[in-house]
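# Observations on chain architecture
So you can see what is in the structure, the chains are spelled out below.
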Amino acid sequence: MPFIPHTDQEITQMLAIIGADSIEDLFDEIPAHLRAAVMQAIPPGMTEMEISRLMQQRAEQNTKAVCFLGAGAYQHHIPAAVWEITTRGEFYSAYTPYQAEASQGTLQLTYEYQSMMTALTAMDVSNASMYDGASSLAEAILMAVRANRKSKSRKILLPTTVNPVYRQTAYTIVKGQQIELVEVPYDQTTGTVTLDQIKQQQDKQGGDITALVLQQPNFFGCLEAVDEITDWAHENNILLIAVINPLTMAVLKPPGEWGGNAHVDNNNNGADIACGDGQPLGAPMSAGGPYYGLLCCKQALVRQMPGRIVGRTKDLDGKEGFVLTLQAREQHIRRSKATSNICTNQGLVVTASTIHMAIMGAKGLENTAAACFANNNKLVAQLTAIDGMEKVFSATHFHETVLQFDDLAEDNCVADILAALMKKGIIGGYDLSLHYPELGHALLVCTTEMRSEEDINAYAKALQEVLCSLNSTQTAALSETA
Amino acid sequence: MPFIPHTDQEITQMLAIIGADSIEDLFDEIPAHLRAAVMQAIPPGMTEMEISRLMQQRAEQNTKAVCFLGAGAYQHHIPAAVWEITTRGEFYSAYTPYQAEASQGTLQLTYEYQSMMTALTAMDVSNASMYDGASSLAEAILMAVRANRKSKSRKILLPTTVNPVYRQTAYTIVKGQQIELVEVPYDQTTGTVTLDQIKQQQDKQGGDITALVLQQPNFFGCLEAVDEITDWAHENNILLIAVINPLTMAVLKPPGEWGGNAHVDNNNNGADIACGDGQPLGAPMSAGGPYYGLLCCKQALVRQMPGRIVGRTKDLDGKEGFVLTLQAREQHIRRSKATSNICTNQGLVVTASTIHMAIMGAKGLENTAAACFANNNKLVAQLTAIDGMEKVFSATHFHETVLQFDDLAEDNCVADILAALMKKGIIGGYDLSLHYPELGHALLVCTTEMRSEEDINAYAKALQEVLCSLNSTQTAALSETA
Amino acid sequence: MLIFEHSSKGRNGAPQSPVEKASVTDIPKNLLRKNSAALPEVSELQAVRHYTRLSRKNFSIDTEFYPLGSCTMKYNPRACNTLAMLPGFLNAHPLTPDQQNQGFLACMYDLQSMLCEATGMAAFSLAPMAGAQGEFAGVAMIGAYHNSRGDFDRKEMLIPDAAHGTNPATAVMCGFTVREIPTLDNGDVDIETLKQAVGPQTAGLMLTNPSTLGVFERNIEAIAKVIHEAGGLLYYDGANLNAILGKIRPGDMGFDVIHSNLHKTFSTPHGGGGPGSGAVGVAERLIPFLPLPTVAKEVTREEGLENESYHYLTAKDCPQSIGRLSAFMGNPGVLLRAFIYMRFLGREGMVRVAEFATLNANYMMAEAKRRGFTLAIDQRRASHEFIITLKNEARDFHVSAMDFAKRLLDLGYHAPTTYFPLLVPECLLIEPTESEAKEALDGFMDALEQIKHEAETNPELLHAAPQTLPVKRLDEVRAAKQLDLAFKPGASV
Amino acid sequence: MLIFEHSSKGRNGAPQSPVEKASVTDIPKNLLRKNSAALPEVSELQAVRHYTRLSRKNFSIDTEFYPLGSCTMKYNPRACNTLAMLPGFLNAHPLTPDQQNQGFLACMYDLQSMLCEATGMAAFSLAPMAGAQGEFAGVAMIGAYHNSRGDFDRKEMLIPDAAHGTNPATAVMCGFTVREIPTLDNGDVDIETLKQAVGPQTAGLMLTNPSTLGVFERNIEAIAKVIHEAGGLLYYDGANLNAILGKIRPGDMGFDVIHSNLHKTFSTPHGGGGPGSGAVGVAERLIPFLPLPTVAKEVTREEGLENESYHYLTAKDCPQSIGRLSAFMGNPGVLLRAFIYMRFLGREGMVRVAEFATLNANYMMAEAKRRGFTLAIDQRRASHEFIITLKNEARDFHVSAMDFAKRLLDLGYHAPTTYFPLLVPECLLIEPTESEAKEALDGFMDALEQIKHEAETNPELLHAAPQTLPVKRLDEVRAAKQLDLAFKPGASV
Ligand SMILES: Cc1ncc(COP(=O)(O)O)c(C=O)c1O
Ligand SMILES: Cc1ncc(COP(=O)(O)O)c(C=O)c1O
């Protein structure tokens with residue numbers, strides 16, 4: 001019996017102690033007429049040998065194409081040591097560190113994670129993780145609504161340069177609480193949101209705005225004017241929620257340092273809350289997860305923070321040690337008045353991410369981020385050299401860029417091109433037509449440090465071929481109809 | 001600098017303490033004219049990201065065909081837990097347990113290994129491992145020569161049913177010591193060695209034989225008459241060296257129980273030395289290793305045993321603990337008079353094997369061995385149902401069987417058939433023509449528990465097709481010449 | 001020692017990806033970082049050694065018996081990890097076109113189907129990333145259901161006082177108010193109070209069954225009737241599904257929505273706090289509201305051959321859905337592990353889970369009684385867990401449940417859950433799970449008995465515990481008052 | 001507690017492969033086993049917990065500084081493990097036809113080439129499975145070479161007294177007699193004695209350079225001349241190659257044969273005692289004798305394109321070979337790890353190994369001197385290791401090198417090699433390797449200094465050490481006298 005250690009003799013002994021005749025007797029409080037039948041829709045049990053074979057076959061079915069997809073999940077190199085240590089039984093099979101003395105491994109590591117994440121974001125405080133970047137944004141919004149006592153509107157400005165699935169997720173999670181998510185359109189030339197557009201929306205909404213969300217790099221890979229917008233928000237008593245890709249923060253100005261040019265109030269510099277997905281820091285793409293949501297804030301907001309937080313303290317002998325702290329914010333203490341319902345978080349991925357950051361160091365992350373950027377420039381240069389391919393936006397892009405197919409025939413679409421590229425072993429990028437139909441035939445392409453010269457050349461070559469054959473089919477079709 | 005932790009500042013500090021101006025100075029005792037140039041034939045260093053890509057590409061180049069090869073290495077299921085625990089840093093990166101108190105993990109595990117291996121073989125003593133099965137046989141022979149004080153001949157009878165590469169290895173290793181390895185031919189009907197043939201060789205060699213080697217199951221997969229031959233050896237003051245596949249011993253009579261029918265001397269029952277390759281017990285095929293050589297003996301021979309041995313003892317408080325023992329046999333103490341030159345053994349593979357045996361248990365190993373046997377019967381039934389395929393030997397075969405291609409044309413050979421099968425995703429077996437030309441077009445096929453019904457059917461189908469197309473080419477060729 | 005304290009400025013021992021920094025001069029200077037982030041500068045060996053050593057300061061299932069009530073700390077099969085981490089899965093981008101992602105999607109579809117069968121629900125979504133998010137999805141669906149019927153006033157959620165904290169917290173997050181329902185001494189819900197509580201404002205009732213008191217709610221049919229007749233829906237907090245798997249299905253008990261903590265019942269690892277999965281299942285009428293995405297199967301016939309293919313369902317397909325809960329679909333790596341575990345057990349293994357979890361719990365309960373402990377609920381069957389109350393020991397010897405817990409750590413056992421459920425004073429909630437051998441249970445009971453004896457004769461031993469762990473008892477008050485949440489170079493503790 | 005002591009009869013918790021036993025009735029009864037082997041019957045969880053806990057009773061590089069002289073305990077990069085265990089390698093049958101095994105063979109061929117370049121030899125065989133087997137191959141080739149020239153009387157192998165035990169043991173295994181050559185106080189070979197020792201009986205000299213005394217043999221050219229002029233060959237025991245990698249090559253020093261412990265210099269794991277690899281390299285004239293198999297490359301041209309392919313060379317191709325040393329080709333998994341490590345370092349990384357290993361050793365030696373320790377060889381550069389002799393401490397305070405070693409364990413450091421080389425009394429042979437940070441070296445020196453102080457003031461502390469490990473000092477005499485080499489149910493220790 002898989003995973004059941006009992007011998008017949010032991011079962012007999014145990015039943016005797018219990019005073020029951022059979023295991024079945026132990027269920028005698030369950031109404032007989034409700035008892036479950038054999039679960040036919042579940043296949044019979046398999047041995048590990050059999051299931052290994054099945055899973056190997058299924059894993060093989062997934063594509064091995066070269067990936068130029070980003071849009072919220074990125075293929076980065078992860079040092080082998082990271083997951084070898086992370087999956088050690090002591091991390092893998094431990095519970096939440098409620099018994100602090102028996103969990104110093106997880107607790108110290110989480111404290112180190114918080115330290116690294118605050119260093120990377122230049123924020124004061126980090127929690128121990130949320131589920132993912134999208135749900136983390138939702139919690140950041142809820143947090144802002146609780147924290148911004150000066151605002152009554154519960155209105156959140158949400159530029160459409162923020163990842164669309166993040167916006168959807170935020171909506172799902174906050175909509176029960178009379179919070180209004182107000183979209184701000186982007187500038188179609190730059191690919192960023194401008195202060196003018198933000199102000200316009202503020203005016204439209206009557207002036208009182210609780211918080212403003214700003215994603216850096218934004219969903220199009222473009223860099224937003226974070227300083228200007230942050231200062232403006234603070235001048236208007238609006239909390240600024242940054243959505244970041246933490247890897248890029250090795251090179252880009254971190255949210256804790258945004259603004260400050262206006263010299264309004266020095267203590268007021270920087271985003272108030274920063275969230276984002278930790279995936280680029282050590283989590284494999286893994287079909288979408290597990291990743292983790294990072295969530296940081298200013299010191300003043302710490303008691304509004306959802307999720308677990310680890311603090312450093314001392315033991316009876318005065319020796320350093322670590323505990324879960326500020327638990328009075330959490331559901332298991334505060335119940336209906338908690339800062340969030342979150343309980344289980346993404347601890348193991350945070351474990352990996354911490355080891356990842358320790359091994360990579362600041363320099364490693366900087367080199368990686370810079371390589372992502374440089375590779376994207378290379379890719380874009382090569383792809384836009386192809387006839388009919390244009391870069392859409394003027395703002396500096398980081399490692400993702402929006403490209404347009406100029407003169408694609410009416411009945412052709414980006415999906416067809418992607419399908420043709422896939423046949424050539426290339427996952428060509430993200431089709432923007434669903435979320436941004438106004439961009440026409442547009443594609444979001446991404447490069448990480450993993451995309452070699454060779455990969456980029458292969459993409460350019462494949463795309464050229466695909467467009468060529470498309471054109472010839474078109475020409476053929478034209479001449480046929482002609 | 002990969003794996004070098006020194007900062008520039010630290011280097012300066014360290015050189016100052018040493019009193020040297022540069023690292024280069026530390027090499028000033030090496031004659032300048034001998035100094036090495038830059039090693040151009042070694043490529044420049046790679047990052048982990050790059051080397052991962054390279055190795056993934058190279059690993060992909062290796063075949064994924066379904067494997068019916070045995071001949072000394074077998075594809076068995078290994079529980080996932082085995083190598084996950086084995087590669088924990090504490091096992092993986094530890095040295096030989098010379099500091100016993102700091103190595104109780106490895107030492108206790110090795111003691112448990114010795115206990116399991118003696119249980120499986122029914123021998124008195126096991127050492128902590130030799131390099132592999134073949135070199136273990138060589139050491140067993142050397143050991144027998146040291147141990148058999150009644151024999152002066154230094155002649156070893158070595159039936160040709162023993163794995164040919166084992167025989168070659170034994171020859172390489174023992175030939176420096178005036179030991180003679182005398183081949184004994186096998187019975188071409190049964191596929192085993194008979195007592196008559198052994199006796200004939202004994203006579204030819206003048207009677208005084210130091211040891212006789214007997215492999216069970218033998219290289220052809222056939223079962224030897226171990227009882228009869230063991231008894232005879234003991235009657236003739238010949239030490240019996242068993243070469244075994246330890247997995248099959250879950251089902252077959254273990255060497256420690258061979259013989260005993262003659263009631264010569266009860267204490268004399270069983271093989272004197274048992275060796276073999278531990279690979280089927282938890283080591284992946286891994287292109288040939290690392291595996292490990294098992295080596296067991298009777299209690300009386302323990303001081304002739306090469307290699308490390310762990311013993312149970314007590315500490316100062318009387319608490320149980322484990323140490324390397326009988327070290328006076330070994331080269332680091334006894335130097336030129338040691339029982340062997342072996343130092344480093346195959347510890348990590350033994351670690352895996354011990355965990356493998358613990359998880360599988362006797363029942364798991366029995367089921368596995370029995371399934372290998374049953375699958376082989378299925379395979380042989382299907383293949384011999386094909387026209388022109390015959391089973392060669394009459395003795396019971398275990399999980400390998402010799403098949404013959406009856407009427408293959410002169411200019412065709414087994415290699416061609418194997419190549420054709422490979423194209424259909426089947427590694428069809430081991431071509432016997434190199435080592436056993438007398439068998440004609442013969443093939444050694446193997447099944448383990450991993451070969452499903454589906455695999456076996458696929459083999460039969462593929463072979464039928466291959467033979468068919470061969471025949472048609474032949475016929476075509478014939479009609480051409482006709 | 002913190003990893004930061006192993007750092008030396010300028011160290012760079014582990015080139016992993018590019019060793020040179022590419023130029024970023026194309027980026028406007030005001031968008032660039034000024035100083036490097038103050039991450040530790042350590043060699044790969046230092047990092048490996050540090051984190052390997054840190055790991056050894058944890059208790060875990062792989063090293064200790066961990067009878068943590070309500071948490072279901074069963075063995076996490078290593079194969080589930082190895083197989084879920086096959087490169088084919090790890091390297092799959094979440095936005096890979098469905099056609100190129102069939103292996104993964106097939107697993108997800110099968111998992112949905114198996115969960116339906118195991119729980120008696122009509123459909124499942126794997127989107128929620130933990131139990132609490134599963135609750136969120138479930139409660140949000142209850143809200144969406146009432147709204148879809150124009151039933152806008154159902155804004156009150158009923159929750160027993162024994163419930164887990166996530167239940168009330170979730171209800172509030174979804175915009176409901178919470179009304180607590182008391183529990184009787186025998187562990188059952190006070191059905192009379194419940195009857196008085198329901199009304200046109202009732203959105204539903206959230207129930208854990210077996211309850212967090214470790215007993216099966218015998219009146220479940222009556223309760224379902226009360227709720228349904230009042231127009232409410234019945235929510236099943238599946239945290240304790242382990243107790244009844246294969247024996248009775250929430251769907252058959254009348255529940256309309258359920259979440260299942262796959263990181264409990266289906267043995268995905270707890271990972272020191274996560275990740276988990278709170279897959280959510282619904283009865284027929286709630287299907288349109290399931291969170292996105294879910295996975296659907298399509299069967300096509302081509303030249304007589306059946307072709308199965310799988311694809312994600314999104315907002316287009318499910319316009320009434322409560323929406324997305326994450327950027328992609330929950331925690332696929334966790335879901336794969338649960339899938340593998342379910343295939344291991346198979347249909348015949350499901351029921352064994354409940355049987356042996358229950359056997360173990362009842363055996364320990366009997367042993368606890370035999371050894372003189374007071375049970376929170378006597379005279380009833382334990383489900384997969386049971387509660388000891390140490391109120392007598394607290395009164396007589398001034399030792400607390402916390403003291404017992406800490407002393408257990410010294411003896412090599414993880415402590416049971418303490419102080420939950422809130423209604424039992426000085427409680428230990430003990431859940432052995434089915435994967436533990438009698439040997440472990442007996443060892444634990446011996447330790448507990450020893451501690452009881454120590455409490456009577458030498459309570460100081462308990463107050464001073466733990467003594468054998470990396471640290472002694474930690475000062476939580478200091479932690480909360482002198483907040484130190486991140487390392488700042490030079491600062492002292 | 002032994003795994004056997006967790007066993008319960010009839011337990012079967014972990015179906016891995018077939019759950020039912022197929023019939024074996026076709027097998028004659030007298031060839032079948034009568035009773036099941038007495039293996040432990042434990043659940044998978046019990047096994048995982050037992051062995052995970054056992055592992056934590058080990059010191060290892062991943063957890064402690066391990067300055068074990070002559071063993072080169074450097075960091076074993078985790079990537080070497082992960083990549084060598086890719087399924088494509090693990091599932092390759094050793095007899096896979098070469099054409100289907102190109103990825104693996106390419107790695108092996110490249111490894112041979114890189115080893116040639118790194119050592120200055122003409123060709124390499126990867127067949128030997130550890131240093132000692134490399135020595136065997138090397139010495140056997142020396143014998144084969146002399147024999148091939150009809151030079152049958154060269155039956156004496158010269159070996160310095162500082163040599164590792166495997167050297168004389170190997171020579172004897174190969175049928176040679178051993179003549180010891182003394183070492184001078186300064187660590188160099190006594191060349192005058194050597195000159196007198198050589199003659200027509202001389203087969204060769206086995207030398208470790210830097211020697212096991214941790215100094216570079218400065219007269220190596222003179223020694224080579226003596227041996228070669230006498231008609232002998234020069235064997236290089238490459239265990240200490242780490243000290244000179246990229247700085248000076250054995251081939252350039254005049255060595256004819258060398259083995260390299262890939263599990264030292266090239267960082268494959270020691271694995272608690274193995275597996276290793278003792279790849280063997282030779283100068284031109286010994287190529288025909290290399291052990292089998294080796295890997296060759298073939299370049300073919302097809303339509304203007306170069307095609308590289310790799311294949312095994314076997315007895316057919318190399319009739320003069322000394323033959324096979326194992327069933328297949330050495331330890332491929334180890335060889336893959338060494339290959340990966342070499343590609344990590346690259347040509348520019350080779351020399352860094354020697355430089356920083358030497359820097360670390362000389363720094364520790366200087367620190368040892370500064371802290372009042374007596375060096376075995378003063379006034380010379382250390383190579384990658386050096387020796388402290390505790391003869392004064394032994395004389396004055398009755399503490400031994402063993403006591404120091406055991407006390408170091410208490411302080412969290414693995415002990416250096418003790419009592420080797422044999423000619424230095426009460427010695428500690430200390431090898432830090434290049435991968436350790438100054439932090440670790442300083443910590444170790446502090447510990448050593450503390451122990452020296454304890455030896456002077458409280459020697460009992462040393463005699464009673466270790467105190468903090470799973471066991472106290474173990475009774476080795478008892479172990480050898482009351483042999484207990486395998487668990488027998490019911491027997492007591
Ligand atoms: C009864 C009960 N409900 C809900 C939860 C919340 O689940 P999660 O931690 O996965 O969010 C738990 C977790 O401990 C629980 O025990
Ligand atoms: C100098 C020297 N030579 C030879 C050897 C033997 O190598 P192996 O243990 O790999 O057989 C060693 C191993 O410690 C050594 O230090």
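Residues numbered from 1 in each chain as written. Chains lettered and ligands numbered in written order. Predicted model: local features only at pLDDT ≥ 70, side-chain atom pairs only at ≥ 80, totals over all residues. Heavy atoms only, no water.

## Some thoughts on the overall build of chain C
- When helices and strands are tallied, chain C shows 15 helices and 13 strands.
- Its C-alpha radius of gyration of 25 Å places chain C within 12% of the 23 Å reference for a compact globule of 493 residues.
- For the C-alpha atoms alone, the extent of chain C along its principal axes is close to 75 × 60 × 45 Å.
- Scored against the burial criterion, the 493 residues of chain C give a buried share of 69%.
- In chain C, once contacts between residues fewer than 6 apart in sequence are set aside, the share between residues at least 24 apart is 71%.
- A total accessible area of about 15200 Å² is found for chain C, and carbon and sulfur atoms account for 50% of it.
- Looking at chain C, you have 47 positive and 56 negative side-chain charges, and the mean spots of the two groups are 5 Å apart. (Helix = DSSP H or I, 4+ residues; strand = E, 2+ residues; numbered from the N terminus. Rg over C-alpha atoms; globule rule 2.2 N^0.38 Å. Buried < 20%, exposed > 50% of the residue type's maximum accessible area, 1.4 Å probe, protein only. Contact = heavy atoms within 4.5 Å. Areas by Shrake-Rupley, 256 points an atom, 1.4 Å probe, with all protein chains shown as cover. Lys, Arg positive; Asp, Glu negative; His and termini not counted. Charge placed at Lys NZ, Arg CZ, Asp CG, Glu CD.)

## Overview of the interface of chain B and chain D
- Taken residue by residue, the interface counts 186 residues in chain B and 193 residues in chain D.
- Interface of chain B and chain D: buried area, both sides summed, is about 16500 Å²; carbon and sulfur atoms make up 63% of it.
- In this structure, the connection of chain B to chain D is made through seven salt bridges.
- Close ionic contact of R380 of chain D with E29 of chain B constitutes a salt bridge, the shortest N to O distance being 2.5 Å. (Buried area = accessible area lost by both parts, 1.4 Å probe. Salt bridge = Lys/Arg side-chain N within 4 Å of Asp/Glu carboxyl O.)

## What to know about the site of ligand 2
- Surveying the vicinity of ligand 2 reveals 15 residues, the closest of which are T344 of chain B together with S70, G131, D237 and K264 of chain D.
- Ligand 2 sits at the junction of chains B and D, each of which supplies nearby residues.
- Contacts to ligand 2 include G131 of chain D, whose backbone N or O atom sits 2.6 Å from an oxygen atom.
- Taking N261 of chain D, its side chain carries an N or O atom lying 3.2 Å from an oxygen atom of ligand 2.
- Contact with the protein chains removes 99% of the 380 Å² of surface that ligand 2 exposes when unbound.
- Here the shell around ligand 2 is built from residues that sort into five nonpolar, seven polar and three charged. (Near = heavy atom within 4 Å. Polar contact = N/O pair within 3.5 Å; in protein donor to acceptor, adjacent residues only side chain to side chain. Nonpolar A, V, L, I, M, F, W, Y, C, P; charged D, E, K, R; others polar.)

## Some thoughts on the site of ligand 1
- The immediate surroundings of ligand 1 are formed by 15 residues, with T344 of chain A together with S70, G131, A132 and D237 of chain C found nearest.
- At the site occupied by ligand 1, nearby residues are drawn from chains A and C.
- For ligand 1, an oxygen atom lies 2.7 Å from a polar atom in the side chain of H263 of chain C.
- Within the complex, 98% of the 390 Å² of free accessible area of ligand 1 lies under protein.
- Per-element accounting of the shell around ligand 1 gives the leading share, three residues, to helix α5 (residues 131-148) of chain C.
- Looking at the shell around ligand 1 residue by residue, the class counts come to five nonpolar, seven polar and three charged.

## Observations regarding the interface of chain A and chain B
- Contacts between chain A and chain B engage 19 residues on the former and 19 residues on the latter.
- Across the chain A to chain B interface the summed buried area is about 1300 Å²; carbon plus sulfur atoms make up 38%.
- Where chain A touches chain B, the interface holds eight salt bridges.
- Among the salt bridges present, the one from E60 of chain B reaches K64 of chain A, with a minimum N-O distance of 3.9 Å.
- Summed over the shared surface of chain A and chain B, the number is ten residue pairs in polar contact (both at pLDDT 80 or more).
- Elements represented by at least two residues in the side of chain A that touches chain B include exactly α2 (48-61), α4 (89-92) and α13 (453-481) of chain A.

## Here we look at the sheet that holds strand β5 (residues 233-237) of chain C
All names here are of chain C.
- Overall, mixed pairing links the seven strands, which are arranged β1-β7-β6-β5-β4-β2-β3 in an open sheet. The outermost strands of the open sheet, each flanked by one partner alone, are β1 (123-125) and β3 (177-181). Ignoring strand direction, the axes of neighbouring strands in this sheet form an average angle of 25 degrees.
- Looking at chain direction, β5 and strand β6 (residues 257-261) are connected through three bridges and run parallel. (Pairing = 2+ DSSP bridges. Axes fitted to C-alpha atoms, helices over the stretch in contact; angles between N-to-C directions.)

## Here we look at the relation of the copies chain A and chain B
- For these two chains of identical sequence, chain A goes onto chain B by a turn of 180 degrees and a shift of 0.0 Å along the axis, with RMSD 0.0 Å. When the rotation and shift are considered jointly, the pair of chain copies conforms to a two-fold rotation axis. Considering only C-alpha atoms, the residue of chain A closest to the rotation axis is R88 of chain A, which sits at 3.7 Å. (Least-squares fit on C-alpha atoms with pLDDT ≥ 70 in both.)

## As for the domain arrangement of chain C
Residues and elements named next belong to chain C.
- You can read the domains of chain C as domain 1 (3-55), domain 2 (79-344) and domain 3 (350-476).
- With centres defined by C-alpha atoms, the gap from domain 2 to domain 3 works out at 31 Å.
- Counting each side, the surface lost to burial between domain 2 and domain 3 is near 1900 Å², with a carbon and sulfur contribution of 62%.
- When the buried area of domain 2 at its contact with domain 3 is split by residue, L213, N242 and L245 rank highest and sum to 28% of it.
- For the pair domain 2 and domain 3, the number of links is two salt bridges.
- Between R380 and D188 there is a salt bridge, with the nearest N and O atoms lying 3.1 Å from each other.
- Counting across the interface, domain 2 meets domain 3 through seven residue pairs in polar contact (both at pLDDT 80 or more).
- Looking at the side of domain 2 that touches domain 3, its residues break down into twelve nonpolar, ten polar and five charged. (Domains from an automatic or database assignment.)

## Side note on unusual backbone geometry
- The linkage connecting G289 of chain A with the following residue, P290 of chain A, adopts the cis geometry, with an omega of 5 degrees.
- Within the secondary structure layout, P290 of chain A lies in the loop between β7 (273-277) and β8 (293-297).
- Cis geometry is adopted by the peptide bond preceding P421 of chain D, which originates at F420 of chain D and carries an omega value of 0 degrees.
- With respect to the secondary-structure elements, P421 of chain D resides in the loop between β12 (417-418) and β13 (427-430).
- Even without being glycine, E303 of chain C reaches a positive phi, approximately 45 degrees.
- Relative to the helices and strands, E303 of chain C is located in the loop between β8 (294-302) and β9 (305-313).

## Quick notes on the side chain of D161 of chain C
- Here D161 of chain C lies in the loop between β2 (156-160) and α6 (166-173).
- Within the buried set, D161 of chain C has no salt-bridge partner at all; the shortest N-O distance to an opposite charge, 7.4 Å, is to R335 of chain A.
- If near-sequence neighbours (up to four positions away) are discounted, D161 of chain C is found in contact with R335 of chain A together with E180, I181, P182, T183 and L423 of chain C.

## Some details on the environment of Y131 of chain A
- Tracing the sequence through the fold places Y131 of chain A in the loop between β2 (125-126) and α6 (133-147).
- Here the alpha-carbon distance between Y131 of chain A and Y74 of chain A, two residues 57 residues apart in the chain, equals 17 Å.
- Ignoring any residue separated from it by four or fewer positions in sequence, one finds Y131 of chain A in contact with Y291, Y292, G293, I342, C343, T344 and Q346 of chain A together with M129, A130, A132 and Q133 of chain C.

## Considering the confidence of the model for chain C
- Counting all residues, the mean pLDDT for chain C is 96, and 99% of those residues have values of 70 or more.
- Complex prediction metrics read pTM 0.97 and ipTM 0.97. (pLDDT = per-residue confidence, 0-100.)

## A look at the pattern of salt bridges
- Per the counting criterion, the structure on display carries 106 salt bridges over all chains.
- Here K9 of chain D ties to E41 of chain D by a salt bridge, and the two come within 3.8 Å at their closest N and O atoms. Separated by 32 residues along the polypeptide, K9 of chain D in the segment before α1 (44-55) and E41 of chain D in the segment before α1 bring together distant segments of the chain.
- Exposure remark for K9 of chain D: the relative accessible area of 70% places this residue in the exposed category.
- Salt bridges linked by common partners bring R88 and E90 of chain A, R88 and E90 of chain B, R56 of chain C together with R56 of chain D together as one network.

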